[in-house]
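# Inside the fold
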Amino acid sequence: MLSVCKRTRMGRGDFCLSLDIIVEILKKLPSKSLVRFRSVSKEWLNIINSRRDFIESIVTRSLSSHPPLKLPIFIFHHSVPETFFTVSPVFSPTTDHVVTIPRPSHPCTFHYQYSRGLICCSSSESHLVTIYNPTTRQLFPLPEIQTPPTTRSGLSSCFFGYDPITNQYKVLSIVVNCDERKQTYHVFTLGRREQQSWRIVKGIDEESCPDDYSVCIDGTIYYNASRQGGATMLLSFNIRSERFDRVLLPEAFLAPLYHQRLVNRLGKLGCIICNSRDTSIWIMDDAEKQEWSRTILCLPNYPVMWLGADVDTFSGVTPAGEIYATQCKYFFDKSLYVYYYDMNQNSFRRVHIEGGVRYKPKKHRYCVEVFAIHDHVENTMSL
């Protein structure tokens, strides 16, 4: 058995700790201490960053410490004067722990996705993808997807997820070829040092335009897409097999909608749908049989509009089952709120997030984009 020995000052020999005992001791330490202790030795570095049972214990400990009504952490995206983001439970005007991301040659929109402790930042216009670990503060820019120099590549859609069976994170990028009007599907696997490149995989045969929003549940990424002509379809990407499938949809999904948002509701795929008649949530009760059930929510028509101009969509569902919405833009001279709806109790609450700058800007009103994460866990995995 491997052990670590330390000679005592009294000269009575060596005091040895087995590797198993060291691992158990490290599991009890806070994540900030673990990040510092990676420099103790190469062995400790491998335990904290790479040993699967150790990382699983940190993730499980983080999950078990979540109170039922825990507030989210936020990603605050800044585009002026530089492009960067911060991760924090409150907004701060200071620039501590800034995560700088490559600035494209032209203004574009960035999207953020979260999966089991890691954040994926991507831009549809510039094909830039960056992975960030808030626990270790490690940043990993993915290599740029290579396209033929004679090909004009248009917009790209990026999705991110984790498969618990293979313990793998993968990034899926769908790139549009403007010349041939075709799509190519690219996959990047995190953690494989011998394979740090994008791979082309077989996609779906039908041309479609993917939506920006997705949700990953039990190793499967779900996302909406539009057929030519505007019809909606729901697609799935299995992270382990890298296979695409169409998901059967109720007829209500095919009707004209004001708003819809895929969510993870207590481990099941859900979709919040708003139309001219009502607001409801559909839950896929059986993933294999693709059977859905519907619950009408006691909300007014177009409920997001009642929350103000800075809220344009539902953000998701909390681990406790509450539907929540967050302001997509935050102006420094205003308050930041998170709105919650408990569909079981038919209750609504608004939570004010502390922090920010309470003053009136002299010239231009500068705002940041806001993304909320309600199921954040600590993860010491190395990128």
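About the cut-offs
- Residues numbered from 1 in each chain as written.
- Predicted model: local features only at pLDDT ≥ 70, side-chain atom pairs only at ≥ 80, totals over all residues.
- Heavy atoms only, no water.
- Salt bridge = Lys/Arg side-chain N within 4 Å of Asp/Glu carboxyl O.
- Helix = DSSP H or I, 4+ residues; strand = E, 2+ residues; numbered from the N terminus.
- Buried < 20%, exposed > 50% of the residue type's maximum accessible area, 1.4 Å probe, protein only.
- Pairing = 2+ DSSP bridges.
- pLDDT = per-residue confidence, 0-100.
- Contact = heavy atoms within 4.5 Å.
- Core = buried A, V, L, I, M, F, W, Y, C linked by side-chain atoms within 4.5 Å.
- Axes fitted to C-alpha atoms, helices over the stretch in contact; angles between N-to-C directions.
- Parallel < 35°, antiparallel > 145°, perpendicular 65-115°, else oblique.
- Nonpolar A, V, L, I, M, F, W, Y, C, P; charged D, E, K, R; others polar.
- Expected span 1.5 Å × (residues − 1).
- Arc of directions from axis to C-beta.

Evaluated as defined, the whole model comprises eleven salt bridges. Glu-56 serves as the salt-bridge partner of Arg-116, at 2.8 Å between the closest nitrogen and oxygen. One end of the pair, Arg-116, is in the loop between β6 (110-115) and β7 (118-123); the other, Glu-56, is in helix α4 (residues 52-64), and 60 residues separate them in sequence. Exposure remark for Glu-56: the relative accessible area of 26% places this residue in the partly exposed category. For Asp-278, the salt bridge goes to Arg-294, with nearest N and O atoms at 3.0 Å. Of this pair, Asp-278 sits in the loop between β19 (268-274) and β20 (279-286) while Arg-294 sits in strand β21 (residues 291-297), placing them 16 residues apart in sequence.

So, about the sheet that holds strand β4 (residues 84-88). Pairing is antiparallel across the open sheet formed by five strands, whose spatial order is β5-β4-β3-β27-β24. Both outer strands of the open sheet, β5 (99-100) and β24 (329-331), are each paired with one neighbouring strand and no more. The pairing of strand β3 (residues 73-78) with strand β27 (residues 367-373) spans five bridges and is antiparallel. If you follow Phe-76 over to β27, its bridge partner there is Val-370.

For the protein, the mean per-residue pLDDT works out to 82, and 81% of the residues sit at or above 70. Looking across the protein, the model is least confident in strand β1 (residues 3-7), with a mean pLDDT of 48, and most confident in strand β8 (residues 129-133), with 94. Within the model, pLDDT remains below 50 along residues 6-11, and this stretch shows seven contacts once partners closer than five positions in the same chain are excluded.

Our next topic: helix α3 (residues 42-50). Residues of α3 that are buried include every one of Trp-44, Ile-47, Ile-48 and Asn-49, and no others. Buried-residue contacts for α3 involve α1 (19-27), α2 (31-37) and α4.

This part is about the nonpolar core. Formed by 33 residues in total, the largest nonpolar core has its most connected members in Tyr-112, Leu-118, Ile-131, Leu-142, Phe-160, Val-171 and Leu-190. Elements with a contribution of two residues or more to this core: α4, β3, β6, β7, β8, β10 (153-163) and β11 (168-177). Among the elements that make up this core, the one with the highest residue count is β7 (four residues). Those residues in contact with Leu-190 that lie beyond four places of it in its chain are Leu-118, Ile-131, Phe-140, Leu-142, Phe-160, Tyr-169 and Met-381. Residues Ile-283, Phe-314, Val-317 and Tyr-339 belong to the second largest nonpolar core, which totals 16 residues.

All right, on to the packing of α3 against α4 then. Two elements in contact, α3 and α4, have axes whose closest approach is 6 Å; the angle formed by their N-to-C orientations is 55°. By the angle between their directions, the pair α3 and α4 is classed as oblique. Together, Ile-47, Ile-48, Asn-49 and Ser-50 of α3 and Arg-52, Phe-54 and Ile-55 of α4 make up the contact between the two elements. A per-class count over the contact of α3 with α4 returns four nonpolar, two polar and one charged.

On to the side chain of Thr-220, then. Residue placement: Thr-220 occurs in strand β15 (residues 220-227). If we skip the residues at most four places from it in the chain, Thr-220 touches Val-215, Ser-236, Phe-237 and Asn-238.

Three- or four-residue spacings in an α-helix give side chains the same orientation, since the helix completes a turn every 3.6 residues. Taking 1.5 Å as the rise per residue, α4 with 13 residues should run 18 Å; its terminal C-alpha atoms sit 18 Å apart, in good agreement. Along α4, the residues classified as buried are Phe-54, Ile-55, Ile-58, Val-59 and Ser-62. Across the axial projection of α4, the buried residues extend over an arc of 135°, all falling on one side.

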